[in-house]
Amino acid sequence: MKKVTFYWEWLQLPKEEFNILMMLADKGGQFSGTLSDMCRYFRVDHRNSKNKTPLKNAIESLTSNGYITSQKSGYTYTLQIVPKEKKVKLLRKWVDPILKAEQFSVSVAKAPVIKSLIWISQNSYSKVVTNDEIVPDLNISVSTFGAAKNVLEKDFNVIMREIEQITLSSGEKRNTHKFIFSALSCELIMDN
């Protein structure tokens, strides 16, 4: 089965930088094209410089921080991923529908959904993990992570949710949601 390669080290990056890396991962690790081509990939107006400037800044930052190599000839950029330590391979059949979706049932960008998918695929816990404990790894808000989980569950059936009641050490009972990641058959228990 075909897979898309991401790196764990990307999860902390801001949305604009992660978007560039997400595009490169989708394209097999390299891309050659103009900023207008990138805008078309991201389905934003390529005639608006407000869409091109963040892409240009993200490319510069990723290059200077060693995440990609970039060359520019005229208006054409040639970008390539610089491999990092922790490789994460996800099945293309789980990534493509997210990348190709026009919109989700919940208002959330693609980057947090892909970041959440990467995180969930790499974590299997037998203890309760709260959203508050997860979001620092992803550099997104708790509400954004909640929306991303809903998209993964409801729009793409990548995760399934089971409600489970646990008793905390204080004696307090709490409902938790147990998420089963159907793509890789690993489990993640999260407190919602």
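Each remark here, short or long, concerns the structure printed above.
About the cut-offs
- Residues numbered from 1 in each chain as written.
- Predicted model: local features only at pLDDT ≥ 70, side-chain atom pairs only at ≥ 80, totals over all residues.
- Heavy atoms only, no water.
- Buried < 20%, exposed > 50% of the residue type's maximum accessible area, 1.4 Å probe, protein only.
- Helix = DSSP H or I, 4+ residues; strand = E, 2+ residues; numbered from the N terminus.
- Contact = heavy atoms within 4.5 Å.
- Pairing = 2+ DSSP bridges.
- Axes fitted to C-alpha atoms, helices over the stretch in contact; angles between N-to-C directions.
- Phe/Tyr/Trp six-rings, centres within 6.5 Å; stacked < 30°, edge-to-face > 60°.
- Lys NZ or Arg CZ within 6 Å of the ring centre and 35° of its normal.
- Core = buried A, V, L, I, M, F, W, Y, C linked by side-chain atoms within 4.5 Å.
- Salt bridge = Lys/Arg side-chain N within 4 Å of Asp/Glu carboxyl O.

Caption draft 1: Examining helix α4 (residues 92–100) more closely. Buried residues of α4: Arg92, Trp94, Val95, Asp96, Ile98 and Leu99, and no others. Those residues of α4 that are buried lie in contact with β1 (3–7), α1 (15–26), α2 (35–41), β5 (87–91), α5 (110–121) and α7 (142–155).

Caption draft 2: Up close: the pairing of strand β3 (residues 68–73). With six bridges connecting them, β3 and strand β4 (residues 76–81) associate as antiparallel partners. Directly across from Ser73, in β4, lies its bridge partner Thr76. Between β3 and β4, which follow one another and run antiparallel, lie two residues, and Gly74 among them has a positive phi close to 65°.

Caption draft 3: Structural detail: the sheet that holds β3. Spatial ordering of the open sheet is given by β2-β4-β3, a layout of three strands whose pairing is antiparallel. Only two strands of the sheet have a single neighbouring strand rather than two, namely β2 (30–33) and β3. Adjacent strand axes in the sheet meet at a mean angle of 10° when their direction is disregarded. The sheet contacts of α1 involve β2, β3 and β4, and relative to β4 the element is tilted by about 80°. Helix α3 (residues 49–64) contacts β3 and β4 of the sheet and is inclined by roughly 130° relative to β3.

Caption draft 4: Here's a closer look at the packing of aromatic side chains. Applying the stated criterion across every chain yields a total of four aromatic pairs. Look at Phe6 and Trp10: their rings are 6.1 Å apart centre to centre, the planes differ by 80°, and that puts the pair in the edge-to-face class. According to the relative accessible area criterion, Trp10 is buried, its value standing at 0%. Members of the aromatic cluster, each reached through a chain of ring pairs, are Phe6, Tyr7 and Trp10. Across the ring face of Tyr67, the terminal group of Lys84 is positioned such that the distance to the ring centre comes to 4.8 Å. Of note, Lys115 hangs over the ring of Phe18, and the distance from its end group to the ring centre comes to 5.3 Å.

Caption draft 5: Highlighting unusual backbone geometry. Positive phi, close to 60°, is recorded for Asn139, a residue that is not glycine. Topologically, Asn139 is positioned in the loop between α6 (131–138) and α7. Residue Asn139 is classed as partly exposed on the basis of its relative accessible area of 40%. Phi is positive for Asn157, close to 50°, though the residue is something other than glycine. Tracing the sequence through the fold places Asn157 in the loop between α7 and β7 (159–167). The exposure class assigned to Asn157 is exposed, which follows from its relative accessible area of 52%.

Caption draft 6: Structural context of the nonpolar core. Judged by nonpolar contacts, the single largest core of 56 residues is most densely connected at Phe6, Trp10, Ile20, Met38, Leu79 and Ile114. When sequence neighbours within four positions are dropped, the list of residues in contact with Ile20 reads Met38, Phe42, Leu55, Ala58, Ile59, Leu62 and Leu79.

Caption draft 7: Summary view of the pattern of salt bridges. This model, assessed by the stated rule, comprises five salt bridges. In this structure, Asp45 engages Arg47 in a salt bridge whose closest nitrogen and oxygen atoms are separated by 3.5 Å. Residue Arg47 is classed as exposed on the basis of its relative accessible area, which comes to 67%. For Asp96, the salt bridge is made with Arg92, and the minimal N-O distance between the two is 2.6 Å. Highlighted residues: Asp96 and Arg92, both in helix α4, separated by four residues, approximately one helical turn. Across this residue pair, the class does not change: Asp96 and Arg92 are buried.

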